[in-house]
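Coordinate inspection notes
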Amino acid sequence: EGSAATTIGHPGHSKHALTVGALGNGNSTTVATFSSRGPTSDGRRKPDIMAPGSSIVSAAGDDNDTTVDAPTTATLSGTSMSTPIVAGGAALMRQYFVDGFYPTGVKTPANARRPLGSELKALLLNGTAFITTTPSNNYGWGRIWLDNNLYFPGDARDLRTFARRQESGLSTGQQHEYQVQVGAGQEFRATLVWYDPPGTPGAAGTALVNNLDLEVSDGVNLYRGNVLSGSGAAAVSVTGGTADVLNPVEQVRLTAPTAGVYTVRVKATAVPGDGQAYSNRQGY
């Protein structure tokens, strides 16, 4: 829908959708002019993630199911091109878990499991390249970059994921804490994603129903989700600020942390639910 603000429509404004914006061709870090921008009508950040979407070479065909097409290609542009790039990346990331590569980085059948949808969304956003004005309503959380997040032997950056199904999620006032070892100067990121109950159809105002909050502590400083200063590669979490009450995606990013054990905290600030089973408990 073009380059104006608040041009993301249905279904891209969905709280749970992984909404994909388009960049230029190849290694471009420029958002395409046709790519829709956020925020949503209630102020949530969209899109979520970016991928190349301009002059993409793909298989050619037509909309006639009886045609036998010769093997050829077509060059097209659109978020209809950037979205399947991210979908393919998400499928590869899911296979990483299904084949048992997590957590050792080596295929181990005994470690095989099926990751949650919210978990995959969090992992995709946790490994993005912060480009240009990331995070923003033009670039979301940045460009897809699987190799920045999935661990294999020899990688400097490790990966840890903690997921809870709805029935074992948090009720209002509860919290879960996780400890992770952080190396000096090694970029540290923590991303929280949850699938919120549906809002009231047609209702104005904030769409968020269950509000979780992300906090990270290094023992001295406390960082809240989505409280960042700067943009692009220079974007970094800062102390202070207030908890996010709009977005079901929260992130903390430290580009030059001190070494130590960090506490990652997920807080259930308000989980009223919507009357459906388990909706007054929130998984992530």
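Structure's up top.
Residues numbered from 1 in each chain as written. Predicted model: local features only at pLDDT ≥ 70, side-chain atom pairs only at ≥ 80, totals over all residues. Heavy atoms only, no water.

Per the secondary structure count, the protein includes 2 helices and 11 strands. Counting from the amino terminus, the protein carries its helices and strands in the arrangement β-β-β-β-α-α-β-β-β-β-β-β-β. At 20 Å, the protein has a C-alpha radius of gyration in line with the 19 Å of a compact globule built from 284 residues. Overall size of the protein, expressed as C-alpha extent along the three principal axes, is 60 × 50 × 40 Å. By the burial criterion, 46% of the 284 residues in the protein qualify as buried. Intrachain contacts of the protein at a sequence separation of at least 6 include 69% that bridge at least 24 residues. A total of about 13400 Å² of accessible surface is found on the protein, and carbon and sulfur atoms cover 52% of it. Positive and negative side-chain charges of the protein, numbering 21 and 22 respectively, have mean locations separated by a distance of 5 Å. (Helix = DSSP H or I, 4+ residues; strand = E, 2+ residues; numbered from the N terminus. Rg over C-alpha atoms; globule rule 2.2 N^0.38 Å. Buried < 20%, exposed > 50% of the residue type's maximum accessible area, 1.4 Å probe, protein only. Contact = heavy atoms within 4.5 Å. Areas by Shrake-Rupley, 256 points an atom, 1.4 Å probe, with all protein chains shown as cover. Lys, Arg positive; Asp, Glu negative; His and termini not counted. Charge placed at Lys NZ, Arg CZ, Asp CG, Glu CD.)

Looking now at the packing of helix α1 (residues 79-98) against helix α2 (residues 117-126). Orientation of α1 relative to α2, taken along the N-to-C sense of each, is 115 degrees, at an axis distance of 10 Å. Classed by the angle they form, the pair α1 and α2 counts as roughly perpendicular. The two elements α1 and α2 meet at a crossing, and its hand is right-handed. Facing Ala90, Met93, Arg94 and Phe97 of α1, the residues of α2 in contact are Glu119, Leu120, Leu123 and Leu124. Across the contact of α1 with α2, the residue classes tally to 6 nonpolar, no polar and 2 charged. (Axes fitted to C-alpha atoms, helices over the stretch in contact; angles between N-to-C directions. Parallel < 35°, antiparallel > 145°, perpendicular 65-115°, else oblique. Left-handed = near helix turned anticlockwise from the far one by under 90°. Nonpolar A, V, L, I, M, F, W, Y, C, P; charged D, E, K, R; others polar.)

Residues Asp62, Asp63, Asp65 and Asp69 make up a contiguous surface patch of negative charge. Position of aspartate 65 relative to the elements: it lies in the loop between β3 (56-59) and β4 (73-76). Accessibility expressed as a relative area gives 77% for aspartate 65, which makes it exposed. (Patch = residues over 30% accessible without salt bridge, like charges linked within 9 Å, V, L, I, M, F, W, Y side chains within 5 Å. Salt bridge = Lys/Arg side-chain N within 4 Å of Asp/Glu carboxyl O.)

A few words now on the side chain of serine 171. Looking at where serine 171 falls in the secondary structure, it is placed in the loop between α2 and β5 (175-182). Looking at serine 171, the relative accessible area reads 19%, which means it is buried.

A few words on the environment of alanine 234. Tracing the backbone through its elements, the reader meets alanine 234 in the loop between β8 (222-229) and β9 (236-239). Ignoring anything within four residues of it in the chain, the contact list for alanine 234 reads Ser229 and Arg253.

With that settled, consider the packing of aromatic side chains. Inspection of the entire model under this criterion finds 8 aromatic pairs. For the ring pair phenylalanine 101 and phenylalanine 152, a centre distance of 5.9 Å and an interplane angle of 65 degrees mean the geometry is edge-to-face. Residue phenylalanine 101 is found in the loop between α1 and α2, and its partner phenylalanine 152 is found in the loop between α2 and β5; the two are separated by 51 residues along the sequence. Here the aromatic cluster, defined as three or more aromatic residues joined through ring pairs, consists of Tyr96, Phe97, Phe101, Tyr102 and Phe152. (Phe/Tyr/Trp six-rings, centres within 6.5 Å; stacked < 30°, edge-to-face > 60°.)

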